[in-house]
Amino acid sequence: MQVYLHWIDEAGNASQSFGPFEPKEGLQLSLGRSGDCDIVLTDKSVSREHASLCFHEENWHLEDLRSRYGSELDGNPVSESTPLKSASRIRLGRVLLEFSSNSKHNTQRPKEDRRFPVLLSILDILGRERSPAELMRSVISIAAKAVEADRGFLLLVDPDSGRWRPDSLASWNREGIGDLDEDAIGRVSQTVLREALDSGDTVFLRFAADDPRYESSESIRIESIQSVICCPLRVEDRRLGAFYIDRTHEGSHPFREDDRELLDTVSRQAALLLEREELVRARNRSDKLALLGTMLGRVTHELKNPLYNIRGTAENLGEKLRGGDLPREEVLARVDRILSGVDRAEENMRTLLGFVHPSEGPREPMDLARILTTAAVETGTLFQKSGIRLERNYEKGARVLGQSEALRQVFSNLLTNAAQALEEGGSVGISMSSERRLGASEDNWVEVIVSDNGPGIAEEDLGRIFDDFFTTKKGRGGSGLGLAICRQIVEEHRGEIRAENGAEGGAVFRVGLPLHS
């Protein structure tokens, strides 16, 4: 039976037909851009000798001839000789051919819509994962696998500065091409990312290296990026970030139009999910804080004046006893206990009120080293009384934009917790280092590390240590709000805080903040 090849254009019509070809055992037809080929395809994405069509064992077969952009048969890459069937679709570079027994191309086959199962997978994660970070990791993984990408990134943007947020990056890479580190985002096309975000439209580079719009993009050339799809994350006019997928290995097939349609759909759903989760978290926290605020306002009003009177009376009594001949030891011990109880009550009130009324006041550029020194001096008495050594290792110059009192509260709390976890003779360290994130040309992120040589954090507590009202100080006065407040303040400053156990023991708390340029 005679067969034909129809060149299908973007509209789905046959712009050119080749044939008829008679089936003869051993017949071989070459396809390529060269004029010496049996079937000449004048498109620069087609190699000079791209593929061959041959008839043997009573069937037609397609074989790729190590072309630059590869060959596909019905959406699947072709390397070895692969049998064809009637109405098969052959893609050579950008060129789409239909293998047919009809001399004319009649109807366009309906293409398979892959969006439905992918969207079902994304909706399924709502029942299992709640945080935006978990959603980002799941969405990028599902989408990248669906289009058989090599790498994928999902980034959020700071609405105030318009810059990429270093604390909000989810990445995925195909197994076998190496792990992605924090600098990996610097090796993708920043030009493409920015174009998608600024324009609000998807950027689709089917053949990235040949696209004249991005000839100046060094990352496309250096990283050998073959094909790119980058979709903005939008909810109406709000641009939340971008969704970036690429293929980088040599000989990889370009993305197809239905890949772009799939990622467009996924990016819209991802933007809605991220916004929904943020709203739910904010609403739940707001409801809880409103109730807590009413209660604490009344408690504070009732306790403030009596506590001040107790403190004043106790201090006066202590001074008189210290200056007289009365048996002081027992009375002084009682006075010290009174003062200690007052201190704890006042600290609990400050902690609770700080939880209800998060960091307020203007955000100003400040030297982070000065904040750390203030926190160290503030907690110095606790370290001296406990016989614990505080080792400081940081330099001036790292400037952040923030509210100084709120940041001081974070580091004072971390230092206090570290000291309380140790016995006499222990040590606490506080250090600082800067780094580059998201492909920046200079340092744009600073990390403060507070560590100790104590017993560390129980593994079962690591995942909830920043939860509201969770405390490991049961029976020792802990409110369970100190670290929750730290997390809230750090996140308000576009930063991140995490806890872990050191390799040699002890607890380690890492606070990351964006540097202010």
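Scroll up a little and you will see the structure.
Predicted model only: the values in this text are computed from it and were never measured. (Residues numbered from 1 in each chain as written. Predicted model: local features only at pLDDT ≥ 70, side-chain atom pairs only at ≥ 80, totals over all residues. Heavy atoms only, no water.)

K.L.:
Even after reading the chapter, I still don't get the packing of aromatic side chains, so can you show me in this structure?
P.N.:
What characterises a pair of aromatic rings is the spacing of the ring centres plus the angle enclosed by the ring planes. Inspection of the entire model under this criterion finds 5 aromatic pairs. Put simply, the rings of Phe55, Trp60 and Phe99 touch in pairs and so form one group of aromatic residues. (Phe/Tyr/Trp six-rings, centres within 6.5 Å; stacked < 30°, edge-to-face > 60°.)

K.L.:
Would you mind going over helix α9 (residues 404-420) with me for this structure?
P.N.:
Helical periodicity: at 3.6 residues per turn, an α-helix aligns residues three or four positions apart in one direction. Across its 17 residues, α9 extends 24 Å between first and last C-alpha, which sits within 8% of the 24 Å expected from 1.5 Å per residue. Among all positions of α9, only Ala406, Leu407, Arg408, Val410, Phe411, Ser412, Asn413, Leu414, Leu415, Ala418 and Ala419 are buried. (Helix = DSSP H or I, 4+ residues; strand = E, 2+ residues; numbered from the N terminus. Expected span 1.5 Å × (residues − 1). Buried < 20%, exposed > 50% of the residue type's maximum accessible area, 1.4 Å probe, protein only.)

K.L.:
How should I be thinking about empty space enclosed by the protein in this particular structure?
P.N.:
If you roll a probe as big as a water molecule over the atoms, it shows you where there is empty space left. In this structure the tally under the stated criterion is 1 cavity of 30 Å³ or more. Estimates place the volume of the largest cavity at around 30 Å³. In terms of lining, the largest cavity is formed by Val400, Leu401, Leu407, His493, Leu513 and Pro514. Listing elements by their share of the lining of the largest cavity, those giving two or more residues are β19 (399-402) and β23 (507-514). Residues belonging to the lining of the largest cavity are distributed by class as follows: 5 nonpolar, 1 polar and no charged. (1 Å grid on protein atoms, 1.4 Å probe; cavity = no way out; pocket = protein on both sides within 12 Å on 5 of 7 lines; lining within 4 Å. Points joined across faces, edges and corners; volume = space filled by probe spheres on them. Nonpolar A, V, L, I, M, F, W, Y, C, P; charged D, E, K, R; others polar.)

K.L.:
Sorry, what's going on with the packing of α9 against helix α11 (residues 482-492) here?
P.N.:
To describe two helices that pack against each other, one gives the angle between their axes and the distance between the axes. In contact at an axis separation of 9 Å, α9 and α11 are set at 145 degrees when each is read in the N-to-C sense. Judged by the twist between their axes, the crossing of α9 over α11 is left-handed. Taking contact as the criterion, the partners of Ala406, Leu407, Gln409, Val410, Asn413, Leu414 and Asn417 in α9 are, on α11, Gly482, Leu483, Ile485, Cys486, Ile489 and Val490. (Axes fitted to C-alpha atoms, helices over the stretch in contact; angles between N-to-C directions. Left-handed = near helix turned anticlockwise from the far one by under 90°. Contact = heavy atoms within 4.5 Å.)

K.L.:
What is the right way to look at the pairing of strand β12 (residues 151-157) in this model?
P.N.:
Note on strand geometry: in a regular strand, side chains alternate between the two faces of the sheet. Burial analysis of β12 places 7 of its 7 residues in the buried class, which makes it a mostly covered element. Covered by surrounding structure in β12 are Arg151, Phe153, Leu155 and Val157 together with Gly152, Leu154 and Leu156, the residues of both alternating faces. Relative to strand β16 (residues 238-247), β12 runs antiparallel, the two being bridged by 6 bridges. Residue pairing across strands places Leu155 opposite Ala242, the latter belonging to β16. (Pairing = 2+ DSSP bridges.)

K.L.:
What exactly am I supposed to notice about the sheet that holds strand β9 (residues 82-83) here?
P.N.:
By way of backbone hydrogen bonds, the strands of a sheet pair with one another, either parallel or antiparallel. Read from one edge to the other, the open sheet built from 5 strands follows the order β4-β3-β5-β6-β9, with strand pairing classed as mixed. With partners counted over all chains shown, the strands left at the sheet margins are β4 (39-40) and β9, one partner each. Two elements, strand β6 (residues 59-64) and β9, share 2 bridges in a ladder whose sense is antiparallel. What sits directly across from Leu62, in β9, is Thr82.

K.L.:
What is the right way to read the environment of Val448 from this model?
P.N.:
With respect to the secondary-structure elements, Val448 resides in strand β21 (residues 445-452). For Val448, a relative accessible area of 1% gives the class buried. Residues Val448 and Leu368, 80 residues apart in the sequence, show an inter-C-alpha distance of 9.3 Å. When neighbours within four sequence positions are excluded, Val448 is seen to be in contact with Leu368, Leu372, Phe411, Ile430, Ser431, Met432, Phe509, Arg510 and Val511.

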